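Residues per chain are reported as follows:
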Amino acid sequence: MDPEQDGEPRRSTAPAGQDLPAAPAALAAHDSKQIEAAWLHTLADFGGASDMTFKPVPVPGSGEPAVGAADATLTFKPTRRRQRLTSGAPSQGSEADGSSGHSDVPRTISSPHPERTTLRTVDAEGGLDSAGHPLTDGPGYHLLERIGEGGMGIVWRGFQGSLLRHVAIKQTRKAGADESFLAEAMVTAYLDHPNIVPVHALGEDADGSLFMSMKLVNGLAWKDLLHPETEEHRTRAGEFGQAGHLRILLAVCNAVAYAHSRDVLHRDLKPANVMVGSFGEIVLMDWGIALDISDPPRDPRRTRHRDFVEHVAGTPAYMAPEMAIGNGPAQGPWTDVYLLGAILHEILTGHPPHKGRNVMATVIAASRGDPPTLSEDLPDDLRDLCRDAMARGPADRISSVVELRDRLERHLSHRESIVISERAEAELAVLQSGGPVVDRDTRHAAFAKVVARFEQALELFSGNVAATRGAYVARLAYGREALSSGDLSLAAAQISALPAGDAATRALASEVAAAQAERLQAARQGRLLRIALAVAAATIACGLVLGLVLINAARGRAADERDEAHQARALERRARHRSEAARAA
């Protein structure tokens, strides 16, 4: 296990009777001069676009080839001409050959028997009918247009006359064939899987040049979707978010896992070697540097066995540490696991993991195998998956491509939960920044919506750490918002859903309790004042009633006195009238 890592290692598996390769410290012990020496047999001066695949010839003499940093995304494949492949003599290897213990097993690929057929070039403008079929008759293959080109080969869109179908035709540039071309044809034909391009035939034209016909995949290289440069690429790339690219990686994992079950190691996994079809097809291409990892090596030999690797091969920007020094016996399924992790790194960060001022600097970076630096904003499970796949030592990596695929599937199955929590995080950030909502009721409703989103994310995936953290932060912020607006009941409701022992929860609860006590004290004082006012009002009312009673009583007495006076005057008048009447009589 890497001494810089704590805890128990994640053990990778090896074939029965075989130990896992040395820990990464052993690989890192090779200084830059040793690594450069190993690469002198592989690197050569070359030109062309940096996204093409090249197969350089060995470099005479010494010194570093003049190659740039962009070339680190190329595939380096040592050339072996056809006469070496068909001879029975073992190859003379370097120290990288190792001691395999299989000296009785041929080191070369079993001699193929290509079909002798014709290749005709057709003028695409005047030699096709309305269906895109050549107007010329006859069997064989018709080359219609170039659709790809590399340092040692050309890929054509072609037409197979015998079956009236369009095919892809990969053709070597020169007579004969190198080992990687034969290996690609034979290995790809051996691997029958929906995510591996089918090979229809291995042929030889009139000039003795080998070619193979394959299924024609109408689409784009995955790298063109990850890094679109044309309007067409950008339009198609817009259909793929991060989840879409992860599903492509999942399909590649299925292809690689199947290859491993057939004892084949790809060694050149990268987006440039994956085709994404127009109807959802995902096809892994370019098996030219694949290795046979059977133990013991078995016949028929379709590609070189790892015990007989002579030179470095691979793509420096992605390669595993054990690949950087051409250590064939140290390469196994764990190597492809690393490469898949490197592709995941590119999906997450936008670039491959290894960088340098030129190819050799990139190779040195690959040999160190430093842990990848990933943003903390990425989902935790994806960061852990990438780091586990790209651990320096094979024994510390994810145990198999199947395990990597299963972990990736779990992430995708929880993707809806993650998307919801990410949306909630963005909305919460806007609320915490103070905008754009300003009135209290609308802000409370917005906080409630954010909390509900986090809860929905946790219902879909209880292990969503980001949603758990987001729900906590949202409720805490919601509680403080309610406290500042005076809605103490709402603040208390948020506190009841927060962890009781948390310091921030205790602090908020204390503030809410103090506000409630202050409000209660104010309520009590208000109640006493209301009682005093009520008594005063009652007293005043009683006084008013008593005054009215006294006034009414006085008014009654006055009325009585007026009546008595009136009666007295009436009696007086009657008495006067009687007296006057008596005198008159």
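Anyway, here's the lowdown on the structure attached to this text.

What counts as what
- Residues numbered from 1 in each chain as written.
- Predicted model: local features only at pLDDT ≥ 70, side-chain atom pairs only at ≥ 80, totals over all residues.
- Heavy atoms only, no water.
- Patch = residues over 30% accessible without salt bridge, like charges linked within 9 Å, V, L, I, M, F, W, Y side chains within 5 Å.
- Areas by Shrake-Rupley, 256 points an atom, 1.4 Å probe, with all protein chains shown as cover.
- Salt bridge = Lys/Arg side-chain N within 4 Å of Asp/Glu carboxyl O.
- Helix = DSSP H or I, 4+ residues; strand = E, 2+ residues; numbered from the N terminus.
- Buried < 20%, exposed > 50% of the residue type's maximum accessible area, 1.4 Å probe, protein only.
- Axes fitted to C-alpha atoms, helices over the stretch in contact; angles between N-to-C directions.
- Parallel < 35°, antiparallel > 145°, perpendicular 65-115°, else oblique.
- Left-handed = near helix turned anticlockwise from the far one by under 90°.
- Contact = heavy atoms within 4.5 Å.
- Nonpolar A, V, L, I, M, F, W, Y, C, P; charged D, E, K, R; others polar.
- Pairing = 2+ DSSP bridges.
- Polar contact = N/O pair within 3.5 Å; in protein donor to acceptor, adjacent residues only side chain to side chain.

**Let's talk about a nonpolar patch on the surface**
Stage number 1. On the surface, a nonpolar cluster with roughly 370 Å² of combined accessible area is contributed by Val 545, Leu 546, Val 549 and Leu 550.
Stage number 2. Along the chain, the position of Leu 546 falls in helix α16 (residues 503–584).

**Some words on unusual backbone geometry**
Stage number 1. In this structure, Pro 296 follows Asp 295 across a cis peptide bond, with omega equal to 0 degrees.
Stage number 2. Here Pro 296 shows up in the loop between β12 (291–292) and α8 (333–349).
Stage number 3. At Leu 164, a position not held by glycine, the phi torsion is positive, near 50 degrees.
Stage number 4. On the basis of relative accessibility, which here comes to 60%, the residue Leu 164 falls in the exposed class.
Stage number 5. For Asp 263, which is not glycine, the phi dihedral falls at a positive 65 degrees.
Stage number 6. In this structure Asp 263 comes out as partly exposed when scored by relative accessible area, which is 22%.

**Notes on the packing of helix α12 (residues 415–432) against helix α13 (residues 440–460)**
Stage number 1. Viewed as axis vectors pointing N to C, α12 and α13 meet at an angle of 160 degrees, and their least axial separation amounts to 8 Å. Relative to α13, α12 is oriented roughly antiparallel. The crossing of α12 and α13 is left-handed. Across from Glu 416, Ser 417, Ile 420, Ser 421, Arg 423, Ala 424, Glu 425, Glu 427, Leu 428 and Leu 431 in α12, the residues of α13 making contact are Arg 443, Ala 446, Phe 447, Val 450, Arg 453, Phe 454, Gln 456, Ala 457, Leu 458 and Leu 460.
Stage number 2. Among the residues forming the contact of α12 with α13, the class breakdown is eleven nonpolar, three polar and six charged.

**Regarding the pairing of strand β10 (residues 274–277)**
Stage number 1. Side chains Val 274 and Val 276 of β10 all project onto a buried face; the interleaved residues Met 275 and Gly 277 project onto the opposite face, where all are buried too.
Stage number 2. Pairing geometry for strand β8 (residues 219–221) and β10, over three bridges, is antiparallel. Directly across from Gly 219, in β10, lies its bridge partner Gly 277.
Stage number 3. One ladder, built from three bridges, connects β10 with strand β11 (residues 282–284); its direction is antiparallel. Within β11, the residue paired with Met 275 across the bridge is Val 283.
Stage number 4. Following β10, the chain reverses through four residues before pairing antiparallel with β11; Gly 280 in that reversal takes a positive phi of roughly 90 degrees.

**Considerations on the sheet that holds β10**
Stage number 1. As summarised here, the arrangement of the three strands in space is β8-β10-β11, forming an open sheet in which the pairing is antiparallel. Bordering the open sheet on either side are β8 and β11, each of which pairs with just one other strand. Ignoring which end each strand starts from, the neighbouring axes of this sheet average 20 degrees apart.
Stage number 2. Across the sheet, helix α7 (residues 242–261) lies against β10 and β11, angled at about 45 degrees from β11, the strand it touches most.

**Some thoughts on helix α9 (residues 359–368)**
Stage number 1. In terms of burial, α9 is largely enclosed, as nine of its ten residues are buried.
Stage number 2. Every buried residue belonging to α9 is among Val 359, Met 360, Ala 361, Thr 362, Val 363, Ile 364, Ala 365, Ala 366 and Ser 367, and all of these are buried.
Stage number 3. Where α9 begins, the side chain of Asn 358 points an oxygen toward the backbone nitrogen of Met 360, at a separation of 3.3 Å.
Stage number 4. Gly 369 sits one or two positions beyond α9 and adopts a positive phi of about 60 degrees.

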